[in-house]
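Structure assessment
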Number of protein chains: 2
Amino acid sequence: MTFSFVTQLSCSKCSHVYSSDLIHQLCKCGFPLLVDYDLEALAKVLKPKDLLERSHDLWRYHELLPIKRPENVVSLGEGMTPLLPMPKLGADMGISHLYMKDEGMAPTGTFKARGAAVGVSKAKELGVKGLVMPTNGNAGAAWSVFSSRAGIKSVIIMPKDAPAMIRSEVAAANSNLFLVDGLISDAGRIAAKAAADFQLYDVSTLKEPYRIEGKKTMGLEIVEQLGWETPDVIIYPAGGGVGLIAIHKAFKELEKLGWLNSGRMPRFVAVQAEGCAPIVKAWDEKKRESEFWPDSRTVAFGINVPKALGDFLVLQAIYETNGCALAVGDDEILGEQKHIVGKEGAFICPEGAAAFLAARKLRESGWIRENERVVVINTGMGLKYMDNENINLPVLRADEDIASLPVLP
Amino acid sequence: MTFSFVTQLSCSKCSHVYSSDLIHQLCKCGFPLLVDYDLEALAKVLKPKDLLERSHDLWRYHELLPIKRPENVVSLGEGMTPLLPMPKLGADMGISHLYMKDEGMAPTGTFKARGAAVGVSKAKELGVKGLVMPTNGNAGAAWSVFSSRAGIKSVIIMPKDAPAMIRSEVAAANSNLFLVDGLISDAGRIAAKAAADFQLYDVSTLKEPYRIEGKKTMGLEIVEQLGWETPDVIIYPAGGGVGLIAIHKAFKELEKLGWLNSGRMPRFVAVQAEGCAPIVKAWDEKKRESEFWPDSRTVAFGINVPKALGDFLVLQAIYETNGCALAVGDDEILGEQKHIVGKEGAFICPEGAAAFLAARKLRESGWIRENERVVVINTGMGLKYMDNENINLPVLRADEDIASLPVLP
């Protein structure tokens, strides 16, 4: 049995094709490359039930991933995260079938592990010895540990105000970590220069074609976990938007394989923060591409991306599926985050909370109907965002007793 | 089909039996209660292959868990964590089949989620409205979020020097969190008093019989993930030792079910820190019980337990399986932790690193043979232990380039 049904890379803009056996970055036209598979051949030899006995991680979908030889797989057990029903939160919003795809349960605690696992595995297969990545944080953490696992040297460059916890995580993984007194765009420039100076593979978002394949498995899992049914709506917090592009790609591949019982596509929703909403603005103005968002800021640092290279693919997925895009405010994001952990015990990241807030608003506006099946992507664990400020807590003496219980459930 | 094959509770010391439909804490003789199942009946109706289509979490083993009605299950997707091969680390130690059961991928990032999921679910089934727990940290984090999910009020009491990150996590889950200017034993006294004063269920370690059932699923999963084969050695970092007792219980139940292909039991190893090694001392002295370890201290705070209520069960599991117990030092624990993330990309907690260090030492002494299959339990993610101290890192100006790469892979 063939391990991967990958055929080639093709440009998302001009359709020019490239070999998947050689290192490529962007297409010569400047746009991202996507991975193609022989889905017709695969449909003949693989059925959903064949997956039952496979490992409980994203490698169960290896035919739909670009790694050709199993010995190149670099895994820390990523994928097959829970699809959790959120009944109390759903009741509260008026959505009867609300689910959370919880990406907090991953190596390094975020969905970035998926892109890193597949990206690093393919880098290993292509003979890469060292790679360089500019990052706001979580992607750097994920790529650094998978590079360690693969024995590939990694160089990670992040703005100096990236969260301290993530800095420590990257440093622990023995990466070459550099902080920059500037923005992610400055880190990008330094990365490009370092790639040239030190013969490193530049794995900036969408400059390498494989991380999207890792993230695609979120879509494959959602459908498998729903018994090969599609949800009605998928809500995703979009920074670079790669996850949304990837989940949309998953659904199109499953459709071609004939693996969708319902045969319908879900409507895709991109959620951004009011302080950084270029894709929402483009969608509001019915444009195919976004413009650079100046002075962007939000507590949800994972979606602080002022101009995404794949913006046109995100917008395309929204238009094709009759989806939408909306922006939410920082204060209400933090309120929703607190509400969710109190209600459902899930301590999620602000980006995930933004996506739940969007569900709430779209239900209020009637865009989501009561009986629709809604899947919200939580991209990471709340723990990684904790600033560990001193919270005001009662301290008892060793010989003292509790006099009253202030907090109700 | 019956959801649970639970029959009763029986005392681990005097064998007195109790109903599993009523709230019980310790046996009247003062020792912990264990949960019994009708394994003979279960063996007739369930086979390992029946599990294939089940959810990828610990509830796949619901017949071997104490919850009778599925609607009482409180889940955040816990369980079915990866069993990762560690080939480079194994080569380095001279162990050809070294695996890590990685409990970092869990709600709240530690194996405590298993005990909390099953403990809180059973509390819900028993009609509990509020519970109280003294904790050094991670158990409190897990029980607080599962209580939120269940709609049960939780009161968590921890020493004031518990890690700030865990304090914040418990506070986020909307628990009644109290810090105490004292030790875990003081927290225990305050918890017992609060249980009486506020009609709360005291869920101190082994004072409720159900968390052990949740932790038992680690053992069930290891065997299922190895294709119903048993490993030769299981190495566990033991504080209270509940996980070790639980995994041993899992193996005994699987043996009775006839689900162990090999029919052999693994040898169990309990690892402690040199600064808190009561069980190791008892084992060295061939005793059946441990003595209180005064002035205990270790960086691996999860195994800082000077006298465990279930010590005699830990020692029993070691003696029965021809296992052993050994202590390792804090400095070498931190060295091993760093070595592992650099070598395999797995950023594990100090307790997990202590267990790997034990594997290394037992191989050096010849107690573990080269071709034995060794499973090390990593009880949590390294991230939760990060002090976020300023690490010394190069900071570039926005217009500066990288001059050299100091860190090698």
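Residues numbered from 1 in each chain as written. Chains lettered and ligands numbered in written order. Predicted model: local features only at pLDDT ≥ 70, side-chain atom pairs only at ≥ 80, totals over all residues. Heavy atoms only, no water.

Per an unreviewed UniProt entry, chain A carries the name Threonine synthase and comes from Siminovitchia acidinfaciens. The record in UniProt for chain A states the following under Cofactor (unreviewed entry): "pyridoxal 5'-phosphate". (UniProt positions renumbered as here; feature names shortened; annotations may be inferred.)

The next point concerns the overall build of chain A. Scanning chain A from N- to C-terminus turns up twelve helices and 14 strands. Since a compact globule built from 409 residues should have a radius of gyration of about 22 Å, the 21 Å found for chain A is in line with a globular shape. In terms of its C-alpha atoms, chain A occupies a principal-axis envelope of roughly 70 × 50 × 45 Å. A buried classification covers 64% of the 409 residues belonging to chain A. (Helix = DSSP H or I, 4+ residues; strand = E, 2+ residues; numbered from the N terminus. Rg over C-alpha atoms; globule rule 2.2 N^0.38 Å. Buried < 20%, exposed > 50% of the residue type's maximum accessible area, 1.4 Å probe, protein only.)

Residues and elements named next belong to chain A. Tallied over the full model, the rule gives 68 salt bridges over all chains. The partner of Asp21 in a salt bridge is Lys68, and the shortest N-O contact between them spans 2.8 Å. Note that Asp21 is positioned in the loop between strand S2 (17–18) and strand S3 (33–37) and Lys68 in the loop between helix H1 (39–45) and strand S4 (83–85), a separation of 47 residues in sequence. Of the residues examined, Asp21 reaches a relative accessible area of 46% and is grouped as partly exposed. When its relative accessible area of 32% is taken as the criterion, Lys68 is described as partly exposed. We note a salt bridge from Glu213 to Lys249, for which the minimum N-O separation is 2.8 Å. In this pair, Glu213 sits in helix H7 (residues 211–225) while Lys249 sits in helix H8 (residues 242–257), placing the two residues 36 residues apart along the sequence. One exposure class covers both Glu213 and Lys249, and it is buried. Among the charged side chains, a salt-bridge network with shared partners connects Lys101, Glu103, Arg114 and Glu221. (Salt bridge = Lys/Arg side-chain N within 4 Å of Asp/Glu carboxyl O.)

This paragraph deals with the environment of Ala117 of chain B. Residue and element names in this part refer to chain B. Of note, Ala117 is situated in helix H3 (residues 112–125). The exposure class assigned to Ala117 is buried, which follows from its relative accessible area of 0%. Each C-alpha atom, one on Ala117 and one on Thr205, is 14 Å from the other, the two residues being 88 residues apart in sequence.

Turning to the packing of H3 of chain B against helix H4 (residues 138–150) of chain B, a few remarks are in order. Residue and element names in this part refer to chain B. H4 packs onto H3 with a crossing angle of 35° between their chain directions and a minimal axis gap of 8 Å. Read as a crossing pair, H3 and H4 show a hand that is right-handed. Of the residues in H4, those in contact with Lys112, Ala113, Gly115, Ala116, Ala117, Gly119 and Val120 of H3 are Asn138, Ala139, Ala142, Trp143, Phe146, Ser147 and Ala150. Looking at the contact of H3 with H4, its residues break down into nine nonpolar, four polar and one charged. (Axes fitted to C-alpha atoms, helices over the stretch in contact; angles between N-to-C directions. Left-handed = near helix turned anticlockwise from the far one by under 90°. Contact = heavy atoms within 4.5 Å. Nonpolar A, V, L, I, M, F, W, Y, C, P; charged D, E, K, R; others polar.)

With that settled, the discussion passes to the interface of chain A and chain B. Contacts between chain A and chain B engage 83 residues on the former and 83 residues on the latter. Between chain A and chain B lies a buried interface of about 7000 Å² when both sides are counted; carbon and sulfur atoms form 64% of it. Linking chain A with chain B are six salt bridges, by the criterion used here. The shortest N-O distance in the salt bridge between Arg149 of chain B and Glu344 of chain A comes to 2.9 Å. Counting the contacts that link chain A with chain B gives 19 residue pairs in polar contact (both at pLDDT 80 or more). Going through the elements one at a time, S4, helix H4 (138–150), strand S7 (153–159), helix H5 (164–172), strand S8 (176–181), helix H6 (184–198), helix H11 (330–344) and strand S14 (395–397) of chain A are the ones with two or more residues in the side of chain A that touches chain B. A total of seven residues in the side of chain A that touches chain B trace back to one element, the largest contributor, which is H5 of chain A. Considering only residue class, the side of chain A that touches chain B consists of 47 nonpolar, 16 polar and 20 charged. (Buried area = accessible area lost by both parts, 1.4 Å probe. Polar contact = N/O pair within 3.5 Å; in protein donor to acceptor, adjacent residues only side chain to side chain.)

Right, let's talk about the side chain of Asp102 of chain B for a bit. If you trace the backbone, Asp102 of chain B turns up in strand S5 (residues 97–102). Arg149 of chain A provides the closest opposite charge to the buried, salt-bridge-free Asp102 of chain B, at an N-O distance of 8.8 Å. There is a polar contact of 3.0 Å between the side chain of Asp102 of chain B and the backbone nitrogen of Gly104 of chain B. Residues within four places of Asp102 of chain B in sequence aside, it is in contact with Thr81, Pro82 and Asn378 of chain B. (Lys, Arg positive; Asp, Glu negative; His and termini not counted.)

The feature "modified residue: N6-(pyridoxal phosphate)lysine" (unreviewed entry), as annotated in UniProt, sits at Lys112 of chain A in this numbering. In this view, Lys112 of chain A contacts Asn138, Ala139, Ala142 and Lys215 of chain A; residues no more than four positions away in its chain are not counted.

This paragraph deals with the sheet that holds strand S9 (residues 201–202) of chain A. Overall, parallel pairing links the five strands, which are arranged S9(A)-S6(A)-S7(A)-S8(A)-S14(B) in an open sheet. A strand with exactly one partner marks an edge of an open sheet, and here the two such strands are S9 of chain A together with strand S14 (395–397) of chain B. For strand S6 (residues 130–134) of chain A and S7 of chain A, the ladder comprises five bridges, and the chain directions are parallel. Note on S7 of chain A: the bridge partner recorded for Val132 of chain A is Val155 of chain A. (Pairing = 2+ DSSP bridges.)

Bringing H4 of chain B into the picture now. Residues and elements named next belong to chain B. Its 13 residues give H4 an end-to-end C-alpha distance of 19 Å, which sits within 8% of 18 Å, the value for a rise of 1.5 Å per residue. Burial of H4 is extensive: 13 of the 13 residues sit out of reach of the surface. Phi turns positive one or two residues past the end of H4, at Gly151, with a value near 75°. (Expected span 1.5 Å × (residues − 1).)

To continue, consider the nonpolar core. Within the largest apolar cluster, 270 residues are counted, with the highest numbers of intra-cluster contacts made by Ile235 and Phe356 of chain A together with Ile235 and Phe356 of chain B. Aside from chain neighbours lying at most four places away, what touches Phe356 of chain A is Met86, Leu89, Met93, Leu98, Met100, Glu336, Ile340, Ile348 and Val376 of chain A. (Core = buried A, V, L, I, M, F, W, Y, C linked by side-chain atoms within 4.5 Å.)

Attention now moves to the sheet that holds strand S9 (residues 201–202) of chain B. Sheet strands line up and pair through hydrogen bonds in the backbone, either parallel or antiparallel. The parallel open sheet is built from five strands, whose spatial order is S14(A)-S8(B)-S7(B)-S6(B)-S9(B). Of all the strands in the sheet, the pair left with one neighbour each is S14 of chain A together with S9 of chain B. Summarising the sheet, S14 of chain A and strand S8 (residues 176–181) of chain B pair through three bridges and their orientation is parallel. Bridge pairing in S8 of chain B links Val395 of chain A to Leu179 of chain B.

Quick look at the relation of the copies chain A and chain B now. With an axial shift of 0.0 Å and an RMSD of 0.0 Å, the rotation relating chain A to chain B amounts to 180°. A rotation of that kind, with that shift, is consistent with a two-fold axis. For chain A, the minimum C-alpha distance to the rotation axis belongs to Met105 of chain A and amounts to 2.5 Å. Counting the interface residues of chain A, we find that 100% of their copies in chain B are interface residues as well, pointing to one common contact surface. (Least-squares fit on C-alpha atoms with pLDDT ≥ 70 in both.)

Aromatic ring pairs: the centre-centre distance and the angle between the two ring planes describe each pair. Counted under the stated rule, the structure contains ten aromatic pairs over all chains. Ring centres of Phe31 of chain A and Phe312 of chain A lie 5.3 Å apart, and the angle between their planes is 85°; on these two criteria the pair is classed as edge-to-face. Of this pair, Phe31 of chain A sits in the loop between S2 and S3 while Phe312 of chain A sits in helix H10 (residues 311–320); the two residues are 281 residues apart in sequence, bridging distant segments of the chain. Residue classification places Phe31 of chain A among the partly exposed residues on the basis of a relative accessible area of 22%. For Phe312 of chain A, a relative accessible area of 6% gives the class buried. Across the ring face of Phe312 of chain B, the terminal group of Lys13 of chain B is positioned such that the distance to the ring centre comes to 4.4 Å. (Phe/Tyr/Trp six-rings, centres within 6.5 Å; stacked < 30°, edge-to-face > 60°. Lys NZ or Arg CZ within 6 Å of the ring centre and 35° of its normal.)

Turning to unusual backbone geometry, a few remarks are in order. Positive phi values are uncommon outside glycine, yet Ser15 of chain A reaches one of about 65°. Structurally, the position occupied by Ser15 of chain A is in the loop between strand S1 (6–11) and S2. The exposure class of Ser15 of chain A is exposed, given its relative accessible area of 53%. Backbone geometry places Asp295 of chain B, a non-glycine residue, at a positive phi of 50°. A residue is classified by how much of its surface remains accessible, and Asp295 of chain B, at 67% relative accessible area, is exposed.

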